[in-house]
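# Descriptive structure summary
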Amino acid sequence: EEEEEAAAAALVAAAADAAAEEEDGDDEAEARRGAAALGLGGSEQPESDSEDEMPLNTIGNVPLEWYDGFEHVGYDLEGRKIMRGARTDELDALIKRFDDPDANRTIHDALHGVDVVLSQEDVALIRRLQRRRYPGATFDPYPETVPFDFPDGKVHPLSSAPPRKAPFLPSKDEAKKVMRLVMAMRSEQYQRSVANRRLQEAKERPDYQQLIWDEPPEGEVRHRKRLPAPKVSLPGNAESYNPPKEYLFTPEEAKAWEKMDPADRPLGFVPQAYDAMRKVPQYDGLIRERFERCLDLYLCPREAKTRLDIDPDSLLPQLPSPAELRPFPERLSSRFVGHAGRVLSVSVSPSGEHLLSASADGTVKLWEVETGRCERTCSLGAEVRSVRWCPNGETAVAAAVVGVKMLLLLPLREPLPAAV
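Residues numbered from 1 in each chain as written. Predicted model: local features only at pLDDT ≥ 70, side-chain atom pairs only at ≥ 80, totals over all residues. Heavy atoms only, no water.

## Digging into a nonpolar patch on the surface
Stated formally: Patch membership requires more than 30% relative accessible area and the absence of a salt bridge. Residues of like charge join within 9 Å; the nonpolar side chains Val, Leu, Ile, Met, Phe, Trp and Tyr join within 5 Å. Surface accessibility follows the Shrake-Rupley procedure with a 1.4 Å probe radius. Residue values consider only the protein chains on display as shielding. By definition, a salt bridge exists where a carboxyl oxygen of Asp or Glu is found within 4 Å of a side-chain nitrogen of Lys or Arg. Labels follow the DSSP assignment, with helices taken as runs of H or I lasting at least four residues and strands as runs of E lasting at least two, numbered in each case from the N terminus.
Together, Y241, M277 and V280 make up an exposed nonpolar region whose accessible area comes to about 280 Å². Inspection of the secondary structure puts Y241 in the loop between helix 6 (188–204) and helix 7 (251–259).

Structure below.
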């Protein structure tokens, strides 16, 4: 019984829909279909207060057929899926049209998944487009003609009369003006004024040949001289497919040609004779010669460079003679004797009066430079690798390295301490 009642209600709704379409006319139905195709919609769109309203589809001009079989129809700005809106079935749509007075002006926007209610202006626009009229209701396709009044009383602005002969004849007044200009240019006064102006312009013109630090260039400025591309030598008798016999190599000449360096060979190939052109094989050196020709035209420089003739001996520095090089003393001036082991380090005081020496016997001795006398001896108990005076002459402090330790000494103090 419930199924029979639902079927009866569907039949009643269909009959009522057909009657409503007949009352409104075919224009309303065509307007709805045209608006659905154009995507028009008025300002009477139903507003929803729901916070979970689906966002509009922002996928752009993308066919919706790509999303058939998926639950979403696109993505929003944050990359989240835009789920497909729930569509009511045909029975619910028929029942809804009885309660909605704007059902005849409602279309479904498949791109955004919402129902749009057309305004009266949208419907009128669609009707005008269907009737092949102008979209604007206030547009006048036949404006009033603006009359033009000509002062000479002519009806038409153009005339078919032939042109006058006077415009094609040279003007005598213009010829006189040209002659006066020519005479003025030939005068001596005008020539002097032109020469003075050129001199003034030459003085005011900046000298681009000067360097950026305003130093005059040495000699004349040399411009680059471009060289023309090397030309291919014309073929001779040896390049012929049947050269004369005197151009053919003998066995001895062929062996000598093979032993020669490729750069020293007079010909880059061995001349051969053939009876006909069709018997000539492919040239083996074709690719190599074309490659070398490309190098000549593309990779090789096209600039004339002056080669410098420099003597290699002039590049060597002037060294003094070995007799003048004496890095060792020739006479013994002073002698410092006292260490029992090998001396490892020597340091002179800032004043130049005293000398400290460190030895492998574990002692540091203070010497007087002028007399060579040992003034003090400091025993440190181990091998002293290095000793140095303090650069400040007022402190008179020295440092000694013993093993992994560094000791500070006061050599000029009475008596000499062992270590500090």
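## Here's the deal with the pairing of strand 6 (residues 354–359)
Here is the rule: Working definition: with a 1.4 Å probe on protein chains only, accessible area under 20% of the residue-type maximum means buried, over 50% means exposed, and in between means partly exposed. Any two strands with at least two DSSP-identified bridges between them are counted as paired.
Of all the six residues making up strand 6, six are buried; the element is thus mostly covered by neighbouring parts of the structure. The two faces of strand 6 match: H354, L356 and A358 on one face and L355, S357 and S359 on the other face are all buried. Of the strand pairs in this sheet, strand 5 (residues 343–348) and strand 6 are connected by five bridges, and their pairing is antiparallel. Counted as the bridge partner of S345 is A358 from strand 6. Where strand 5 folds back onto strand 6 in an antiparallel hairpin, the turn is made up of five residues, including G352, whose phi is positive at roughly 80°.

## Some thoughts on the nonpolar core
Selection criterion: Within this scheme, the nonpolar core is defined by two criteria: the residues are buried Ala, Val, Leu, Ile, Met, Phe, Trp, Tyr or Cys, and they are joined through side-chain atoms within 4.5 Å. In this analysis, two residues are considered to be in contact whenever any of their non-hydrogen atoms come within 4.5 Å of each other.
In terms of nonpolar packing, the biggest core is built from 14 residues, with L356, V364, L380, V384, V387, A400 and L409 touching the most fellow members. Residue assignment for this core shows that the elements contributing at least two residues are strand 6, strand 7 (363–368), strand 9 (384–389), strand 10 (398–402) and strand 11 (405–409). Excluding anything up to four places from it in sequence, V384 contacts L344, A358, S359, G362, T363, V364, A400, V401 and V402. Residues I107, V116, L118 and V123 belong to the second largest nonpolar core, which totals five residues.

## Section: the sheet that holds strand 6
We apply this condition: Fitting a line to C-alpha atoms yields each axis, with helices limited to the stretch in contact; the angle taken between N-to-C directions then spans 0 to 180 degrees.
If you trace the four strands from one edge of the open sheet to the other, you get 5-6-7-8, paired in antiparallel fashion. Looking along the sheet, the strands with just one partner apiece sit at the ends: strand 5 and strand 8 (374–379). Averaged over all neighbouring strand pairs, the angle between strand axes comes to 20°, with direction disregarded.

## A short note on the pattern of salt bridges
Across all of its chains, the model carries seven salt bridges by this definition. Note that D102 is salt-bridged to R105, the shortest N-O span being 2.9 Å. Of the charged contacts, one joins D275 and K279 as a salt bridge, the two residues approaching to 3.7 Å between their closest N and O atoms. Overall, K279 belongs to the partly exposed group, its relative accessible area being 46%. Taken together, the salt bridges that share partners define one network made up of E368, R373, E375 and R376.

## Considerations on the environment of V280
Mapping V280 onto the fold places it in the loop between helix 7 and helix 8 (286–299). Here V280 falls in the partly exposed class, since its relative accessible area comes to 36%. Expressed as a C-alpha distance, the spacing of V280 and N242, which sit 38 residues apart in the sequence, is 9.7 Å. When neighbours within four sequence positions are excluded, V280 is seen to be in contact with Y241 and Y274.

## Comments concerning the packing of helix 5 (residues 172–186) against helix 6
When two helices pack together, you describe them by how their axes are tilted relative to each other and by the distance separating the axes. In plain terms, the rule: Gly counts as polar in this scheme, as do all residues outside two lists: the nonpolar Ala, Val, Leu, Ile, Met, Phe, Trp, Tyr, Cys and Pro, and the charged Asp, Glu, Lys and Arg.
Closest axis-to-axis distance for the helix 5/helix 6 pair is 5 Å, and the angle between their directions is 65°. Along the contact surface, helix 5 presents A184, M185 and R186, while helix 6 presents E188, Y190 and Q191. The residue inventory of the contact of helix 5 with helix 6, partitioned by class, reads three nonpolar, one polar and two charged.

## As for the sheet that holds strand 9
Here three strands make up an open sheet; going across it, the order is 9-10-11 and the pairing antiparallel. The sheet terminates laterally at strand 9 and strand 11, the two strands that pair on one side only. Going across the sheet, the axis of each strand differs from the next one's by a mean of 20°, ignoring polarity. Note: strand 10 against strand 11, five bridges, orientation antiparallel. Counted as the bridge partner of A398 is L409 from strand 11.

## Structural notes on the confidence of the model for the protein
Heads up, the rule is: By definition, pLDDT measures how confident the predictor is in each residue, and it falls between 0 and 100.
Model confidence for the protein is summarised by a mean pLDDT of 76, while 72% of its residues fall at 70 or above. The low-confidence segment residues 18–26 (pLDDT under 50) makes three contacts with residues lying over four places distant or belonging to another chain. With pLDDT under 50 throughout, residues 416–420 is counted as low confidence; its partners more than four residues away or in other chains account for 16 contacts.

## Quick word on helix 4 (residues 120–130)
Short version of the rule: What the arc describes is the spread of directions from the helix axis to the C-beta atoms.
Of all the residues in helix 4, the buried ones are D122, V123 and I126. Seen along its axis, helix 4 keeps its buried residues to an arc of 100°; they face one direction. Residues of helix 4 that are exposed and angled more than 90 degrees away from the buried face: Q120 and E121. Downstream of helix 4 by one or two residues, R132 has phi in the positive range, about 60°.

## Some words on the pairing of strand 10
The two faces of strand 10 differ: A398, A400 and V402 on one face are buried, but A399 and V401 on the other face are not. Bridge count for strand 9 against strand 10 is five bridges, and the pairing is antiparallel. Of the residues in strand 10, the one forming a bridge with V384 is V402. Hairpin connection between strand 10 and strand 11: a loop of two residues separates the two successive antiparallel strands, and G403 in this loop has a positive phi of roughly 65°.

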